[in-house]
Amino acid sequence: MEHERVRTRAWVLHPEIKSDEQRRVPGPALAEAVALAAALPDLDVIGSEVVRLPRAQAGFLFGSGKIEELAERLHENEVELVLIDGSVTPVQQRNLEKAWKVKILDRTGLILEIFSDRARTREGVLQVEMAALSYQRTRLVRAWTHLERQRGGLGFVGGPGETQIEADRRAIDEQLVRLRRQLQKVVKTRTLHRAARAKVPYPIVALVGYTNAGKSTLFNRLTGADVMAKDMLFATLDPTMRRVELPDGPEVILSDTVGFISNLPTELVASFRATLEEVLGADIVVHVRDISHDESEAQAKDVETILTSLGIDDTRPRIEVWNKIDLLSPDEREAAMARAERDQGIFAISAVTGEGIAPLLAEIAVTLQGVRSEVTLELGFAEGNKRAWLFRQEVVQSEKQTEDGFVIDVLWTEKQASQYSAL
């Protein structure tokens, strides 16, 4: 008989710190934190609350009165794990674990847990391990299963413990070096795959968006693929690619990427650039938004910020998709549809019902025809440099030799055409 998995009783706290000018609207922020926690299969979120603070206390984050009040509540509800939606220093974490006799996980720790639960490809797994190690290196006060030794996170200061911490640091550093080497190999193979894909004359269409915006559902509808598409944060972590034939248009490669999230922990930003590298090579970026979400505007801004930091500028063709119109009230829905009608770059759709998909595909096709076109060129034998340039650009579809030279069919962008004219 299979044992049922033991679920951990968890409580989510969102500290709203008055002195923090960058703070988010507490309600939606708490809801997102609860959704993050729900993305872990072994957690049972039995309570959540916003804790208002004038400012963060150095040693304990919360004031002493608040700590006692919360201790009582956590004890009554037999809570084993407290998730704090924000960053918690190693000292604050240790002090709170002592005061409340529970395990503490901050936002970074939680996202790392989810990522390690979800990473599927070799690269994803390595990226997560490296991010987790860098994060843990700063807080050597925890149970360390991956170093084959268990240790609780209590009262770990001074004395012989110091040498133990040094040994741990060294173990982590050695492991990081090993992972970096493995990652370099994996990335090299990925680059080769990407080069092989670049030879395929299919344009790449990348779906990007805030986590839970419905990218995977849309991807599944367009490709008939069965990517995990659940209503939970970070349901997909690795880029998935499929070939799709557009109605009356070219064949494209559609790429589904990891969902973005605001305040992504710094340890993860670097790690997950790799997961988003596919977007860098994309001919069109399709930004999928959950238009039914209260924070849709703020989420869209977060996505734009990350795209800019990846180096994707306004010159790249971009289409904005307002998804989940099936969840809007009739009035809101009418307004969204009217706005999408007026605005050339916006499409209101429902990935679940399929409404609005046809015009979106038509737009992708039209945009791509602008991106690449087919031309037949005739070159004399003396024009070897032009012929070599075409092959270097990987735009040659076919080539025939004639008495006078070569007849070459190319598929290229307007930019490549003008570069060719300038040769």
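Everything that follows concerns the structure shown earlier in this document.
Residues numbered from 1 in each chain as written. Predicted model: local features only at pLDDT ≥ 70, side-chain atom pairs only at ≥ 80, totals over all residues. Heavy atoms only, no water.

(A) Region of interest: the pairing of strand β3 (residues 81-84). The side-chain alternation of β3 yields two buried faces, one formed by Leu81 and Leu83 and the other by Val82 and Ile84. Both strand β1 (residues 8-17) and β3 contribute to a ladder of four bridges, which runs parallel. Bridging across to β3, leucine 13 finds its partner in isoleucine 84. Pairing of β3 with strand β4 (residues 103-106) involves four bridges; the strand directions are parallel. Note on β4: the bridge partner recorded for leucine 83 is leucine 105. Once the chain exits β3 it traverses helix α3 (residues 90-100) before rejoining the sheet at β4, and the crossover so formed is right-handed. (Buried < 20%, exposed > 50% of the residue type's maximum accessible area, 1.4 Å probe, protein only. Helix = DSSP H or I, 4+ residues; strand = E, 2+ residues; numbered from the N terminus. Pairing = 2+ DSSP bridges. Right-handed = clockwise from strand over helix to strand, strands pointing away.)

(B) Representation of the environment of arginine 180 in the model. Looking at the element boundaries, arginine 180 is found in helix α6 (residues 161-199). Considered as a pair, arginine 180 and leucine 126 are 54 residues apart in the sequence and their alpha carbons are 8.2 Å apart.

(C) Examining the packing of aromatic side chains more closely. In this structure the tally under the stated criterion is four aromatic pairs. Their ring planes at 55 degrees and their centres at 5.3 Å tell us that tryptophan 412 and tyrosine 420 sit as a pair that is tilted. Here the two residues tryptophan 412 and tyrosine 420 agree in accessibility, since each one is buried. Through a chain of ring-to-ring contacts, three or more aromatic side chains come together here, namely Trp389, Trp412 and Tyr420. (Phe/Tyr/Trp six-rings, centres within 6.5 Å; stacked < 30°, edge-to-face > 60°.)

(D) Geometry of the sheet that holds strand β2 (residues 43-53). Across the sheet, four strands lie side by side as β2-β1-β3-β4; this open sheet has parallel pairing. Taken across any chain shown, the strands that pair with only one partner, and hence form the sheet edges, are β2 and β4. Strand-to-strand twist of the sheet, defined as the mean angle between neighbouring strand axes without regard to direction, takes the value 25 degrees. Seen against the sheet, helix α2 (residues 64-76) touches β1, β2 and β3 and runs at an angle of roughly 160 degrees to β2. The sheet contacts of helix α4 (residues 107-118) involve β3 and β4, and relative to β4 the element is tilted by about 85 degrees. (Axes fitted to C-alpha atoms, helices over the stretch in contact; angles between N-to-C directions. Contact = heavy atoms within 4.5 Å.)

(E) Representation of the nonpolar core. If you look at the biggest cluster of nonpolar residues, it comprises 40 residues, and the most contacted ones within it are Leu43, Leu83, Val208, Phe260, Leu276, Val279 and Leu307. For this core, the elements supplying multiple residues, two or more each, are β1, α1 (26-38), β3, α4, α5 (122-137), β5 (204-209), α8 (266-280) and α9 (296-309). With five residues, α4 is the largest single contributor of residues to this core. For leucine 43, the contacting residues outside a window of four places in its chain are Arg7, Thr8, Ala10, Ala37, Leu81 and Leu83. Judged by nonpolar contacts, the second largest core, of 24 residues, contains Leu246, Ala351, Ile357 and Leu368. (Core = buried A, V, L, I, M, F, W, Y, C linked by side-chain atoms within 4.5 Å.)

(F) Region of interest: the pattern of salt bridges. On inspection of all chains with the given rule, the structure shows 19 salt bridges. The residue glutamate 297 makes a salt bridge to arginine 289 at a minimum N-O spacing of 3.2 Å. The salt bridge involving arginine 387 is made with glutamate 399; its shortest N-O contact spans 2.5 Å. With arginine 387 in helix α12 (residues 384-392) and glutamate 399 in strand β12 (residues 396-401), this residue pair connects regions lying twelve residues apart in the sequence. We classify arginine 387 as partly exposed; its relative accessible area is 27%. Sharing partners across several salt bridges, the network here consists of Arg24, Glu32, Asp85 and Arg107. (Salt bridge = Lys/Arg side-chain N within 4 Å of Asp/Glu carboxyl O.)

(G) Examining the packing of α2 against α3 more closely. Where α2 contacts α3, the two axes come as close as 10 Å, and the packing angle between them is 55 degrees. On the basis of the axis angle, α2 is oblique to α3. You can see that α2 and α3 cross each other, and the crossing is right-handed. Contacts from Ile67, Leu70, Ala71 and Leu74 in α2 reach Leu96, Ala99 and Trp100 in α3. A per-class count over the contact of α2 with α3 returns seven nonpolar, no polar and no charged. (Parallel < 35°, antiparallel > 145°, perpendicular 65-115°, else oblique. Left-handed = near helix turned anticlockwise from the far one by under 90°. Nonpolar A, V, L, I, M, F, W, Y, C, P; charged D, E, K, R; others polar.)

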